[in-house]
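Residues per chain, in single letters:
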Amino acid sequence: MTRPAARGGRASADRLARLLNLVPYLLARPGIEIAEAAGDLGVTERQLREDLELLWVCGLPGYGPGDLIDMAFDGDRVTITYDAGIDRPLRLTPDEALALVVALRMLAETPGVANREAVERALAKIEGAAGDLAGAPVEVRLPGDTARVRELRAAVERGRALRITYYTAARDETTERTIDPLRILMVGARAYVEAWCRRAEAVRLFRADRIDAVTELEEPAAVPPQARPHDLTDGVFRPSPDLPLITLRIGRGERWITEYYPCERVEADGEQWLVSLRVTDLGWARRFVLGLGPEATVVAPAELAEQVRAQAVAALDAYAMPVGRADPAVAGTTQ
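Everything numeric in this text was worked out from a predicted model, so none of it was measured.

Q: Lay out the overall build of the protein in plain terms, naming residues and giving numbers.
A: What the protein contains, in helices and strands, is 10 helices and 12 strands. When contacts within the protein are restricted to residue pairs at least 6 apart in sequence, those whose partners lie at least 24 apart make up 57%. As displayed, the protein offers around 20600 Å² of accessible surface, 53% of which is attributable to carbon and sulfur atoms.

Here it is in structure tokens:
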């Protein structure tokens, strides 16, 4: 069994957008050829047929005859015969409206949203139509929305350079840096500052929870023309062939690794799995392996296996009590 890193979240979002566009497109073109529709929508004929099969099980609650979207095929032509009301204006129940208001408020507070004005306009429109819901006592707080994140966001919006004290976990070191922020963004439940780092002379991502101190400077942020934001479509960590490749043998209890980290190879080996993945450096990999359970062992590289063994032995030695020696305080209590 070999598989690439998962990209399910992005693919699902793309397909949802395509399905929402597909029904009104077909309603306006009854009897259109599938090949022509696929060309207009920028997908293959096979993908369009799979989307049409999915539409057959979409519709209104009840999910019986008269509830689901229906269509007719005439050779390679398709016609929507029942749209399940998708062409009618959406009418929300109070509970649905409140859920949408909460979701939009959260989106409006999410750092890095590209078009916050559009979100705020939609929110104002829905709150205006929702009546009493507009003043509902709802507090929205993101998982990473700490005082430090709010402080950083305000500094970025003012366009100032920052001096930060930053902890780098991969090297287990704390450094002082002057950065010119580009944006604040959320990836998963973590907030990041993306900025031009004057020390590295490159664009870097700084985790907000690893910024120990921040000082807003008087000078404006000076981002050089060559600075470009990272493409975070597939997450913060982007494996590349120049990074170290490690291989682990894991048991059932450690299989979560394959869901949480992008793996280049996952192969079944009896009851165990062989997992290969790229890491930023072997120091991080050593700490990672030591944090796993006893069902994980290093297969390669040999250097990593030796580092893990040496640190494990050192940890055990720290707990060892020399034979024949006892704690005097304990010994005194037994007389």
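Right, picking up where we left off after that structure.
Q: So what's going on with the sheet that holds strand 11 (residues 272-278)? Which residues, and what values?
A: Taken together, four strands build an open sheet; the order of strands is 10-11-9-12 and the sheet is antiparallel. Each of the sheet's edge strands pairs with one partner strand only, and the pair in question is strand 10 (263-269) and strand 12 (297-300). This sheet shows a mean twist of 25° between the axes of neighbouring strands, independent of strand direction. Relative to strand 11, strand 9 (residues 245-250) is paired through six bridges, and the arrangement is antiparallel. Pairing of Thr 247 across the sheet is with Ser 276, part of strand 11.

Q: Which residues make up the packing of aromatic side chains, and what are the values?
A: Taken as a whole and assessed by the stated rule, the structure comprises five aromatic pairs. Judged by centre distance (5.1 Å) and plane angle (75°), the ring pair of Tyr 261 and Phe 288 falls under edge-to-face. Of this pair, Tyr 261 sits in the loop between helix 7 (257-260) and strand 10 while Phe 288 sits in helix 8 (residues 282-290), placing them 27 residues apart in sequence. On the numbers, 5.0 Å between centres and 10° between planes, the contact of Trp 284 with Phe 288 is stacked. One end of the pair, Trp 284, and the other, Phe 288, are both in helix 8, four residues apart, so they sit about a helical turn from each other.

Q: Please provide a residue-by-residue account of the packing of helix 2 (residues 34-41) against helix 3 (residues 45-55), values included.
A: Where helix 2 contacts helix 3, the two axes come as close as 9 Å, and the packing angle between them is 100°. In terms of orientation, helix 2 and helix 3 fall into the roughly perpendicular class. Mapping the contact onto sequence places Ile 34, Ala 35, Ala 37, Ala 38 and Leu 41 in helix 2 and Glu 45, Leu 48, Arg 49 and Leu 52 in helix 3. Looking at the contact of helix 2 with helix 3 residue by residue, the class counts come to seven nonpolar, no polar and two charged.

Q: So what about helix 8? Which residues, and what values?
A: Side chains of residues three or four places apart in an α-helix project in the same direction, reflecting 3.6 residues per turn. Those residues of helix 8 lying buried are Leu 282, Gly 283, Ala 285, Arg 286, Phe 288 and Val 289. Packing partners of the buried residues in helix 8 comprise strand 9, helix 7, strand 12 and helix 9 (302-319). Where helix 8 begins, the side chain of Asp 281 points an oxygen toward the backbone nitrogen of Gly 283, at a separation of 3.0 Å.

Q: So, the pairing of strand 4 (residues 160-168): which residues are in play, and what are the values?
A: Of the strand pairs in this sheet, strand 4 and strand 8 (residues 211-220) are connected by six bridges, and their pairing is antiparallel. When the bridges of strand 8 are listed, Tyr 166 appears paired with Ile 211. Across seven bridges, the pairing between strand 4 and strand 5 (residues 173-187) is antiparallel. Residue pairing for strand 5: Leu 162 is matched across the bridge by Ile 179.

Q: I'd like to hear about the packing of helix 8 against helix 9, residue by residue, with values.
A: Two elements in contact, helix 8 and helix 9, have axes whose closest approach is 10 Å; the angle formed by their N-to-C orientations is 55°. In terms of their interaxial angle, helix 8 and helix 9 are classed as oblique. For helix 8 against helix 9, the interelement crossing comes out right-handed. Between helix 8 and helix 9, the contacting residues are Leu 282, Ala 285, Arg 286, Val 289 and Leu 290 on the first element and Glu 303, Leu 304, Gln 307, Val 308, Gln 311 and Ala 312 on the second. By residue class, the composition of the contact of helix 8 with helix 9 is seven nonpolar, two polar and two charged.

Q: Could you give an account of unusual backbone geometry, naming the residues involved and the relevant values?
A: A cis amide bond links Ala 300 with the next residue in sequence, Pro 301, at an omega value of 0°. Secondary-structure assignment places Pro 301 in the loop between strand 12 and helix 9. The phi torsion at Glu 201 lies on the positive side, around 55°, for a residue other than glycine. Mapped onto the elements of the fold, Glu 201 is located in the loop between strand 6 (190-197) and strand 7 (202-207). On the basis of relative accessible area, Glu 201 is assigned to the exposed category, the value being 60%.

Q: Got a sec to walk through the sheet that holds strand 5? Specific residues and values, please.
A: Within the open sheet, the five strands sit side by side as 7-6-5-4-8. Their pairing is antiparallel. Among the strands making up the open sheet, the edge pair consists of strand 7 and strand 8. Between one strand axis and the next, the sheet turns through 45° on average, direction left out of account. Pairing geometry for strand 6 and strand 7, over six bridges, is antiparallel. Bridging from a neighbouring strand, Glu 194 pairs with Leu 205 of strand 7. Where helix 6 (residues 147-158) meets the sheet, its contacts fall on strand 4, strand 5, strand 6 and strand 8, and the angle it forms with strand 8 comes to roughly 15°.

Cut-off values and rules
- Throughout, residues of each chain are indexed from 1 in the direction in which the sequence is written.
- In keeping with the predicted nature of the model, local features appear solely for residues at pLDDT of at least 70, side-chain atom pairs appear and are counted solely at 80 or more, and the whole-chain, interface and lining totals rest on all residues.
- Side-chain measures here rest on the full set of heavy atoms in the structure, leaving out hydrogens and waters.
- Numbering of helices and strands runs from the N terminus, with a helix taken as a DSSP run of H or I at least four residues long and a strand as a DSSP run of E at least two residues long.
- Any two residues whose heavy atoms approach within 4.5 Å are treated as being in contact.
- All accessibility values rest on the Shrake-Rupley procedure with a 1.4 Å probe; residue burial counts only the protein chains present in the view.
- One bridge is not enough; two strands pair if DSSP finds at least two bridges between them.
- Under this scheme, a helix contributes an axis fitted over its contacting stretch, all axes are lines through C-alpha atoms, and angles between N-to-C directions fall in the 0 to 180 degree range.
- Aromatic pairs are defined between Phe, Tyr and Trp rings, using the six-membered ring for Trp, whenever the two ring centres lie within 6.5 Å; interplanar angles under 30 degrees are classed as stacked, those over 60 as edge-to-face, and all others as tilted.
- Should an angle lie under 35 degrees it is considered roughly parallel, over 145 roughly antiparallel, and from 65 to 115 roughly perpendicular; all remaining angles are considered oblique.
- Residue classes follow a fixed rule: Ala, Val, Leu, Ile, Met, Phe, Trp, Tyr, Cys and Pro count as nonpolar, while Asp, Glu, Lys and Arg count as charged, and any other residue, Gly among them, counts as polar.
- A 1.4 Å probe rolled over the protein chains alone gives each residue an accessible area, and that area as a share of the maximum for its type sets the label: buried under 20%, exposed over 50%, partly exposed in between.
- Counting of polar contacts relies on pairs of N or O atoms within 3.5 Å, with two restrictions inside protein: one atom must be capable of donating a hydrogen and the other of accepting it, and residues adjacent in sequence are counted only when both atoms are side-chain atoms.
- What makes a crossing left-handed is the near helix being turned counterclockwise from the far one by less than a right angle; a clockwise turn instead makes it right-handed.

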